[in-house]
Structure formats: C-alpha cells, structure tokens
Amino acid sequence: MKARPTGVIPPMTTPFRKDGEIDYKLLAPQVDWMIGAGAHGVAAGGSTGEGHTLDHEEFRDLMDATVEAVRGRIPVIAGIIVDSTRDAIRRGKLVRDINVAALQVTPVHYLFKPDDEAMVAHFRAMADETGMPIIIYNVVPWSYLSPALLTRIMTEVPLVVGVKQSAGDLKLFADLMMMAPDKLIYSAVDALMYPSYTLGAHGSIAAILTAAPHASVALWDAVKAGDHPRALELHKKLLTLWNAIIADNLPACTRYAQTLQGLPRTYPRAPMPEASPAQQAAIRKALEALGALPRLEAAE
C-alpha cells in the first residue's frame with residue numbers, strides 16, 4: 001500500500017439531487033468539512049453512500065471527483081458493493097488509475113451464499129486481477145465471515161490487507177483483533193466505538209463518524225491520550241445519536257444530520273425515504289447534546 005490508512009475514516013454520503021442524479025460539485029464541501037473535523041481519511045461508495053445503487057459510470061465518476069476534492073490531503077477508500085466476482089473486478093479496474101488507497105469490498109450477498117472456498121477464491125481473483133489493496137467489508141448478515149475465515153483470506157491473499165468489521169458482536173471483533181494482529185482492523189460497530197478503540201482497533205469506518213465527525217475524532221483522540229472519562233462521556237452522547245439514526249433509512253438519517261450541521265441539503269436515492277419528522281427531532285436533540293449544531297448569535 002502507498003499508505004496504511006488508520007484513524008477516523010468517515011464513509012461519505014453521496015450527494016444525490018431530488019431527481020436521483022449525483023451533484024458532484026457537492027462532494028468538495030463534504031470533504032472539506034470532514035478534513036476540518038480532523039478525519040484521517042474518507043471512504044466513498046460504501047453503504048452510507050448508497051454505493052449499491054451506483055452504476056459503473058457513476059462509480060468511476062464518484063471516485064474521481066472524491067479524489068479530486070481531497071487533493072491528496074488524506075487517503076480515499078473506494079467502496080464496492082456487488083454480487084459477482086466479475087463485477088467486483090470490473091469496478092476495481094475502473095479506479096486503478098485513480099489515487100485511491102484501497103478497495104472496500106463486501107462479500108457476495110444476494111441470497112445464495114458462497115462456501116468458504118468460493119469466498120477465498122472471490123477475493124483472490126479480485127486481488128490478482130486488480131493488483132489493488134483490499135479491505136473486506138464484513139457487514140452482510142447472511143453472508144457474514146467468521147474471524148477464522150477472514151484471517152485465512154488475509155493470510156492466503158496478501159493484498160487483502162484488512163477488515164472493516166461490522167455488526168454489534170464485540171467478541172467477534174476482539175477475536176479478529178487477536179487472530180490477525182498485523183492486519184488493518186477497522187471498527188464499524190457504531191454503537192461501540194469506545195471499546196473498539198480500547199481493544200486496539202486501527203481505525204473506524206462507520207456511519208456515526210459521518211453523522212458527527214468532530215465528536216468522533218475527539219473520541220479517538222481521547223482514547224489515544226488515555227483520557228477515559230472524556231471518552232466515556234463522548235461515547236454516551238454518540239450512542240444517543242446512533243440510536244436516533246439507526247434504521248432502514250440510515251443513509252437518509254445520516255445526511256439529515258449533516259444538513260443540520262451546515263452541509264448543503266441532499267437526498268437519498270429512491271426508494272429510500274427521507275428521515276421522518278420523529279427521526280429528525282431525535283437527531284436534532286442528539287446533535288444539540290453533542291454541541292454539534294451551529295450556534296445562532298444571541299439576540300441583543
């Protein structure tokens with residue numbers, strides 16, 4: 001790898017217009033906001049970015065525009081969410097000439113789950129054909145990879161450099177940290193970032209970081225500094241925000257949180273609904289508790 005991305009890496013929302021098309025010029029404000037918050041990298045085209053809805057041309061253009069907006073300041077990770085080895089390889093090849101640090105790739109997830117040998121072969125073929133570093137995005141409930149299988153893939157396919165470990169089972173995360181200590185293990189256990197960091201996570205790539213990047217970086221910094229009272233305080237406030245945004249329309253709730261903090265309004269891609277009035281109220285309240293909302297000038 002050109003770099004080993006570590007730390008807080010928010011997965012960006014994709015700036016869809018109301019008609020469902022991408023407004024690429026709105027990537028730069030989001031990137032600058034993330035960098036201003038202290039983010040150590042960004043990911044594009046992941047589940048928070050509704051990457052499963054992107055066609056090949058949009059995928060390439062999104063990565064190109066994101067890298068252009070970043071201007072080399074932090075690493076960019078490209079998300080790939082597809083259902084065949086062929087398509088995963090094609091998308092990886094589309095961004096080989098763009099300055100992305102790694103590919104973030106989900107296991108094949110549509111209905112029919114590959115067995116272990118097929119899953120190893122899937123990631124081996126991706127590595128062989130693209131020549132790019134790969135981070136396994138272990139998120140799909142019915143195609144969830146065990147710590148043992150993840151470790152096997154990383155051992156047998158050296159270009160698979162790490163795992164973004166999702167879901168809420170912290171034991172599986174702890175097991176993976178012990179079994180693959182030399183690999184990059186990122187936490188996407190949004191509700192449990194604090195204990196993930198204390199277990200030694202190399203970083204995080206998760207929607208909560210995108211909804212509240214300033215507090216998320218502050219949490220990372222607090223753990224690194226050994227300030228556990230501050231870390232616990234931030235954990236509780238971020239957990240309240242997570243409880244407000246976790247839903248089937250999580251990307252929509254995340255982008256609403258961003259809008260409240262000053263980013264231009266964007267929309268989820270149909271058929272995903274926008275944040276409901278009840279969700280909006282809960283998100284606003286949680287962000288207020290974090291001190292994340294712009295302060296209005298006091299009336300004289």
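Every value quoted in this text rests on a predicted model; they were computed, and no experiment measured them.

**Student:** Give me the overall build of the protein: which residues, what numbers.
**Tutor:** A count of helical and extended segments in the protein gives twelve helices and eight strands. Computed over the C-alpha atoms, the radius of gyration of the protein is 18 Å, within 12% of the 19 Å expected from 2.2 N^0.38 for a compact globule of 300 residues. In terms of overall dimensions, the protein has a C-alpha envelope of 70 × 45 × 35 Å along the principal axes. Here the protein, with 300 residues, has 55% of them falling under the buried criterion.

**Student:** Before we move on, can you summarise the packing of aromatic side chains with the specific residues and values?
**Tutor:** Following the criterion strictly, the structure yields two aromatic pairs and no others. Ring geometry for tyrosine 197 against tryptophan 220: centres 4.9 Å apart, planes inclined by 90°, an arrangement best described as edge-to-face. With tyrosine 197 in helix α7 (residues 193–198) and tryptophan 220 in helix α9 (residues 213–224), the pair connects residues that are 23 residues apart, well separated along the chain. Of note, arginine 91 hangs over the ring of phenylalanine 59, and the distance from its end group to the ring centre comes to 5.6 Å.

**Student:** Explain the UniProt feature "active site" (unreviewed entry) in the protein to me, using residue names and the numbers behind them.
**Tutor:** In this numbering, the UniProt entry assigns the feature "active site" (unreviewed entry) to Tyr137 and Lys164. The named residues occupy 28 residues along the chain; their greatest pairwise C-alpha distance, 4.8 Å, places them in one compact cluster. Assignment of secondary structure puts tyrosine 137 in strand β5 (residues 134–138). With relative accessibility at 5%, the residue tyrosine 137 sits in the buried group. Among all residues touching tyrosine 137, those that are not within four sequence positions of it are Ser47, Gln104, Val105, Thr106, Pro107, Lys164 and Ser166. Following the sequence through the fold, lysine 164 ends up in strand β6 (residues 160–165).

**Student:** Before we move on, could you go through the pairing of β6 and cite the residues and values that matter?
**Tutor:** Here β6 lies mainly inside the structure; six of its six residues are buried. Since β6 and strand β7 (residues 184–187) lie parallel, the crossover through helix α6 (residues 170–179) that links them has a hand, and here it is right-handed.

**Student:** Mind laying out the UniProt feature "binding site: pyruvate" (unreviewed entry) in the protein, listing which residues take part and the relevant values?
**Tutor:** Mapped onto the present numbering, the UniProt feature "binding site: pyruvate" (unreviewed entry) falls on Thr48 and Ile205. The named residues occupy 158 residues along the chain; their greatest pairwise C-alpha distance, 10.1 Å, places them in one compact cluster. Following the sequence through the fold, threonine 48 ends up in the loop between β2 (42–44) and α2 (56–70). Residue classification places threonine 48 among the buried positions, given a relative accessible area of 5%. If sequence neighbours within four positions are ignored, threonine 48 has contacts with Pro11, Met12, Thr13, Ala207, Thr210, Pro251 and Thr254. Within the secondary structure, isoleucine 205 is located in the loop between β8 (203–204) and α8 (207–211). Under the relative-accessibility criterion, isoleucine 205 is labelled buried at 0%.

**Student:** Kindly report on the sheet that holds β7, identifying the contributing residues and their values.
**Tutor:** Overall, parallel pairing links the eight strands, which are arranged β1-β8-β7-β6-β5-β4-β3-β2 in an open sheet. The two strands at the open ends of the sheet, each matched to only one other strand, are β1 (7–8) and β2.

**Student:** Could you give me a rundown of the pattern of salt bridges, with the residues and numbers involved?
**Tutor:** Overall, the coordinates contain 15 salt bridges when judged by the stated rule. With a shortest N-O distance of 2.7 Å, glutamate 58 and arginine 269 are connected by a salt bridge. Taken together, the residues span a long stretch of sequence, with glutamate 58 in helix α2 and arginine 269 in the loop between α11 (250–260) and α12 (277–290) at a distance of 211 residues. Both residues of the pair, glutamate 58 and arginine 269, belong to the buried class. Via salt bridges that share partners, Glu117, Arg124, Arg152 and Glu156 belong to a single interconnected network.

**Student:** Describe the environment of isoleucine 9, listing the residues and the values that go with them.
**Tutor:** Topologically, isoleucine 9 is positioned in the loop between β1 and α1 (27–36). Each C-alpha atom of the pair isoleucine 9 and proline 273 lies 26 Å from the other, and the pair is 264 residues apart in sequence.

Definitions and cut-offs
- Residues numbered from 1 in each chain as written.
- Predicted model: local features only at pLDDT ≥ 70, side-chain atom pairs only at ≥ 80, totals over all residues.
- Heavy atoms only, no water.
- Helix = DSSP H or I, 4+ residues; strand = E, 2+ residues; numbered from the N terminus.
- Rg over C-alpha atoms; globule rule 2.2 N^0.38 Å.
- Buried < 20%, exposed > 50% of the residue type's maximum accessible area, 1.4 Å probe, protein only.
- Phe/Tyr/Trp six-rings, centres within 6.5 Å; stacked < 30°, edge-to-face > 60°.
- Lys NZ or Arg CZ within 6 Å of the ring centre and 35° of its normal.
- UniProt positions renumbered as here; feature names shortened; annotations may be inferred.
- Contact = heavy atoms within 4.5 Å.
- Right-handed = clockwise from strand over helix to strand, strands pointing away.
- Pairing = 2+ DSSP bridges.
- Salt bridge = Lys/Arg side-chain N within 4 Å of Asp/Glu carboxyl O.

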